[in-house]
Amino acid sequence: MDGQSQTGGTLLTVEDLAVSFSTPYGTVRAVDGVSLQVQRGRALGLVGESGSGKTVLARSIMRLLPRRGVDTTGRVFLDGIDLTVRSPKQMRAVWGSRLSMVFQDPMTSLNPVLKIGQQVAESLRQHRQMSRHDSRELAIKLLDAVGIPEPAQILGRYPHSLSGGMRQRVTIAIALSCDPVLLMADEPTTALDVTVQDQILDLLQEQQHARDMGMVLITHDLGVVANRTDDIAVMYAGQIVEQGPTPVVFAHTKSPYTSALLQSVPRIDNPPHSRLEVIRGRPPSLLNPPSGCRFAPRCLRAQERCSAELPPLTPGPEPGHLFRCWYPVDAPSVPLESSTTRSA
Amino acid sequence: MVRNALLGMIIKRLGRLVVLMFLVTLATTWMLNLVPGSPAVILAGPSATPSVIAAINKKYGFNESVLVQYWHWLSRVFHGDLGRSYQTQQTVTQALSQRVPVSLELTIMAGLIALIIAVPTALYTGYRAGSFADRVVDGVTSSFISIPGFLAGILLAYLLAVKVHVFPAIGWQSLSKNPARNFRTAVLPVVSLSLPLIAIFQRVLRADVIATLQQDYILLARSKGLPTWKILFRHALKPSSFSLLTIAGVAIGGLIGNAVIIEQVYSLPGLGSLLVSSILSKDLVMVQAVIAIIALVYLVLNLLVDIAYTALDPRVAAQ
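Starting from 1, residues in each chain are numbered consecutively following that chain's sequence as written. Chain letters start at A and ligand numbers start at 1, both assigned in the order the entries are written. Only residues with pLDDT of 70 or above have their local features reported here, since the model is predicted, and side-chain atom pairs are shown and tallied only from 80 upward, although totals for entire chains, interfaces and linings are computed over all residues.

**Q** How would you summarise the overall build of chain B if you had to cite specific residues and measurements?
**A** Secondary structure elements are defined from DSSP: runs of H or I of at least 4 residues count as helices, runs of E of at least 2 residues count as strands, and each element is numbered from the N terminus. Tallying secondary structure elements over chain B gives 15 helices and zero strands in all. Its C-alpha atoms give chain B principal-axis dimensions of roughly 85 × 60 × 35 Å. The burial tally for chain B puts 36% of its 319 residues in the buried class. Contacts in chain B between residues at least 24 apart in sequence constitute 72% of all its contacts with a sequence separation of at least 6. Burial in this document is a count-based property: other C-beta atoms within 10 Å of a residue's C-beta are tallied, and the residue is buried at 20 or more, exposed at 12 or fewer, or partly exposed in between, with C-beta positions derived from the backbone. Here, residues touch in the contact sense if the C-beta positions derived from the backbone fall within 7 Å of one another.

**Q** Quick rundown of the overall build of chain A? Include the residues and the values.
**A** Within chain A one finds eleven helices and twelve strands. Throughout, radius of gyration means the C-alpha value; the globule benchmark is 2.2 Å times the number of residues raised to the power 0.38. Radius of gyration (C-alpha) of chain A: 21 Å, near the 20 Å computed for a compact globule of 344 residues. Each of the three principal axes of chain A carries a C-alpha extent, and together these read 65 × 50 × 45 Å.

**Q** Now, about the sheet that holds strand S1 (residues 10–23) of chain A: what can you tell me, with residues and values included?
**A** Residues and elements named next belong to chain A. Note on pairing: DSSP must find at least two bridges between two strands before they are called paired. Read across the open sheet, the four strands follow the order S2-S1-S4-S5; overall the sheet is antiparallel. Either end of the sheet is taken by a strand with one partner, and the two such strands are strand S2 (26–39) and strand S5 (81–82). As defined by bridge partners, S1 adjoins strand S4 (residues 70–78) across eight bridges and the pair is classed as antiparallel. Considered in S4, the bridge of Leu-12 is made with Leu-78.

**Q** Break down the interface of chain B and chain A for me, citing the residues and quoting the values.
**A** Counting residues at the interface gives 18 residues for chain B and 25 residues for chain A. For the side of chain B that touches chain A, the secondary-structure elements that each account for two or more residues are helix H9 (216–223), helix H10 (228–240) and helix H15 (314–318) of chain B. Looking at which element gives the most residues to the side of chain B that touches chain A, the answer is H9 of chain B, with six residues. When residue character is reported, Ala, Val, Leu, Ile, Met, Phe, Trp, Tyr, Cys and Pro are called nonpolar, Asp, Glu, Lys and Arg charged, and the others, Gly included, polar. Grouping the amino acids of the side of chain B that touches chain A by side-chain chemistry returns eight nonpolar, four polar and six charged.

**Q** Run through the environment of Ser-177 of chain A, naming residues and quoting values.
**A** Residue and element names in this part refer to chain A. Note that Ser-177 resides in the loop between helix H6 (164–176) and strand S7 (182–186). For Ser-177, a count of 26 C-beta atoms within 10 Å puts it in the buried group. Remark: the alpha-carbon pair of Ser-177 and Lys-141, spanning 36 residues in sequence, is separated by 9.7 Å. Excluding residues within four positions of it along the chain, Ser-177 makes contact with Val-120, Ser-123, Leu-124 and Leu-142.

**Q** How would you explain the packing of helix H3 (residues 116–127) of chain A against H6 of chain A if you had to name every residue and give the values?
**A** Residues and elements named next belong to chain A. Here an axis means a line fitted to C-alpha atoms, over the contact stretch when the element is a helix, while the angle between two N-to-C directions is reported on a 0 to 180 degree scale. At their nearest, the axes of H3 and H6 sit 8 Å apart, and the two run at 25 degrees to each other. Considering the angle they form, H3 stands roughly parallel to H6. Helix-helix and strand crossings are classified by hand; for H3 and H6 the assignment is right-handed. In contact with Ile-116, Gln-119, Val-120 and Ser-123 of H3, H6 contributes Val-170, Ala-173 and Ile-174. In terms of residue class, the contact of H3 with H6 is built from five nonpolar, two polar and no charged. With respect to orientation, any angle under 35 degrees is reported as roughly parallel, any angle over 145 as roughly antiparallel, any angle of 65 to 115 as roughly perpendicular, and every other angle as oblique. Working rule for handedness: look at the near helix, and if it is turned counterclockwise from the far one by less than a right angle, call the crossing left-handed; if clockwise, right-handed.

**Q** Describe the confidence of the model for chain A, listing the residues and the values that go with them.
**A** Residue and element names in this part refer to chain A. The pLDDT value expresses, per residue, how confident the predictor is, ranging between 0 and 100. Of the residues in chain A, 94% have a pLDDT of 70 or more, and the chain-wide mean is 89. Here helix H8 (residues 222–226) stands out as the element of chain A with the lowest mean pLDDT, 88, in contrast to strand S3 (residues 43–47), whose mean of 96 is the highest. Counting interchain partners and residues more than four positions distant, the pLDDT-below-50 stretch residues 333–344 has 33 contacts.

**Q** Can you explain unusual backbone geometry? Please cite residues and give values.
**A** Residue and element names in this part refer to chain A. Notably, Gln-129 is not glycine yet its phi reads approximately 50 degrees, a positive angle. Counting through the fold element by element, Gln-129 comes out in the loop between H3 and helix H4 (132–145). Here Glu-150, not a glycine, exhibits a phi torsion of approximately 45 degrees, which is positive. Inspection of the secondary structure assignment puts Glu-150 in the loop between H4 and helix H5 (151–154).

**Q** An account of the sheet that holds strand S8 (residues 214–219) of chain A is requested, with residue identities and associated values reported.
**A** One open sheet accounts for eight strands, arranged S6-S7-S8-S3-S9-S10-S12-S11 (chain A); its pairing is mixed. With partners counted over all chains shown, the strands left at the sheet margins are strand S6 (99–102) and strand S11 (314–315) of chain A, one partner each.

**Q** Explain the nonpolar core residue by residue, including any values.
**A** Among buried residues, those of type Ala, Val, Leu, Ile, Met, Phe, Trp, Tyr and Cys that are joined through C-beta atoms within 7 Å form a set called a nonpolar core. Within the largest apolar cluster, 161 residues are counted, with the highest numbers of intra-cluster contacts made by Leu-182 and Val-216 of chain A together with Phe-201 and Val-290 of chain B. Looking at this core, the element that brings in the most residues is helix H8 (residues 179–213) of chain B, giving 14 residues. Val-216 of chain A has contacts with Val-38, Leu-44, Leu-46, Ala-58, Met-184 and Ala-185 of chain A, leaving out every residue within four places of it along the chain.

**Q** Any chance you could break down H9 of chain B for me, citing the residues and the numbers?
**A** Burial analysis of H9 of chain B places six of its eight residues in the buried class, the great majority of the element. Considered for burial, the residues of H9 of chain B that qualify are Tyr-217, Leu-219, Leu-220, Ala-221, Arg-222 and Ser-223 of chain B. Contact partners of the buried residues in H9 of chain B: helix H1 (54–62), S6 and H6 of chain A together with H10 of chain B. Phi turns positive one or two residues past the end of H9 of chain B, at Gly-225 of chain B, with a value near 85 degrees.

**Q** Kindly report on the pairing of S7 of chain A, identifying the contributing residues and their values.
**A** Residues and elements named next belong to chain A. Burial within S7 is extensive, with five of its five residues counted as buried. Across the two faces of S7 the burial is the same, with Leu-182, Met-184 and Asp-186 and Leu-183 and Ala-185 all buried. Two elements, S6 and S7, share four bridges in a ladder whose sense is parallel. Paired with Val-102 across the strands is Ala-185, a residue of S7. Sheet analysis places S7 next to S8, joined by five bridges and oriented parallel. From the neighbouring strand, Asp-186 faces S8, where its bridge partner is Ile-218.

**Q** Just give me the short version of the pairing of S1 of chain A, but keep the residues and values in it.
**A** Residue and element names in this part refer to chain A. One ladder, built from ten bridges, connects S1 with S2; its direction is antiparallel. Counted as the bridge partner of Ser-20 is Arg-29 from S2. Between S1 and the antiparallel strand that follows it, S2, lie two residues.

**Q** Could you give an account of the environment of Phe-233 of chain B, naming the residues involved and the relevant values?
**A** Residue and element names in this part refer to chain B. Position of Phe-233 among the secondary structure elements: in helix H10. The exposure class of Phe-233 is partly exposed, given the 13 C-beta atoms found within 10 Å. Placed 180 residues apart in sequence, Phe-233 and Ile-53 show a C-alpha to C-alpha distance of 64 Å.

Set out below in structure tokens:
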């Protein structure tokens, strides 16, 4: 493959990915024609409300969704290799070694009946054919690298004796163990204490830079991705509504949905007791998505055309910036700065 | 710390086991007194005179109160004397030393074979729930459960011993005397006993495996690129085994005394048939001993199950 050795270039290409689930009530289109790219060594923030399809998108990129009742179309290229045509056995060679994942809830994502050491060393033994001794040594180094004190002692412990933050560090160590080229982090801090969230995000960012690794950081919090990602894709009801380089999306927000999300982030410089803006209503059912723009029923700027015709992804004036709106927001909305606090 | 907690648990359970053994044997003595009909009448035969019956009653203490009878029995047991059968005059110890090994052998082999077959089958059918293979296994296990044990026993004996002379249907030899012969005669009864166990174990474990496979840590294990068999055996089996373990303790323990029908079909000298014949002939001292043995096996087995819980789940040990 070309681009295998160079640092720049495209690492992950997702082309027109769509995922639908057969349910007793009908077909649910959880992901609807998503295309995106992650550059080598760069971080993409995937932002959206609960139920917007972020997790399904991430798992379908990894091909970790169950096969039965799930229909996936589109293409996913990792390093130029089409993952969608790979056999389960070929995927196993990719999982954990080139492509790995950090899950949302560290309280449930570690096996309660296996020792930490075994769970960390497992990938090493699987993909690197390491001996018991070598994998143990490397596991200690990995745990140390993710900021776990007394790693040698932790190896012999079971997950229930560790705090949530420590457990998430362990799952990050597992994900990083075989030096993946791409890390998918699915809301890695949502289940953690607020005080720990920053530490975990810092750790991810630090490791991503140190390893020159691509990362997809999934979150419902724009504050999380503001300073930690190079690009952003905002999802709503299974579709991307706005994407582009992070500074551009923040400084030249075009989609009313992104704008509304930004307004609903609590800010330090808000006067005390001021009301927090919220987006009224709920995301639409993906069983019968509204025709036209899916955000139209909740959008304050919606006009007649919005509920009739689905706006296409349109390029903005800045390079790489795409948005899906007939009547985009033009005023620069919220400036990108560190005043966006990170909430849960 | 964990090891000490485990040791403390075992000591506590052993104490409870002793108390339970006292209660079980006392209850047996009491229940046997409630059974209608006098053992002395049966012993003396239909034509015995009242004076003979009175003499027998006096000799064996049948007229004493339950507590006194129990006390007599207990004090003899502590001197290593389990008594002598009223019927055959054989000592109970001798009878047990012939019967217990047979029943233990059948029980252990049937339990092991059931686990060896049920565990991989349950893991596979749980992993492929709803598939053709799963439905076939479901049908087979349904029939294993619904076919009565004696029918399966007779059927197997007819097909494999009478029609095709693969295994003998009768002619049990003890393991110490003739191991090869013993093994050949054990096959059919062990298979008959293990069929319903296989079905129960497979069903219980399959249901728990399906639930376990939904867990996040299984998805994480998949995202590590582990092969399916490692995910099933290493990641899914242990957390899914709790119900199986509980059921296995009860079901395997049940075999020791409840294998009467299979013992009859294959004319095996086991505990079950000894118990039934002793009850029918009001051979109280024999019944007492057999029930004590059965209770002991049950209690020990369930103690082992409790110990296994802590081995399965570190959180149990930590409590």
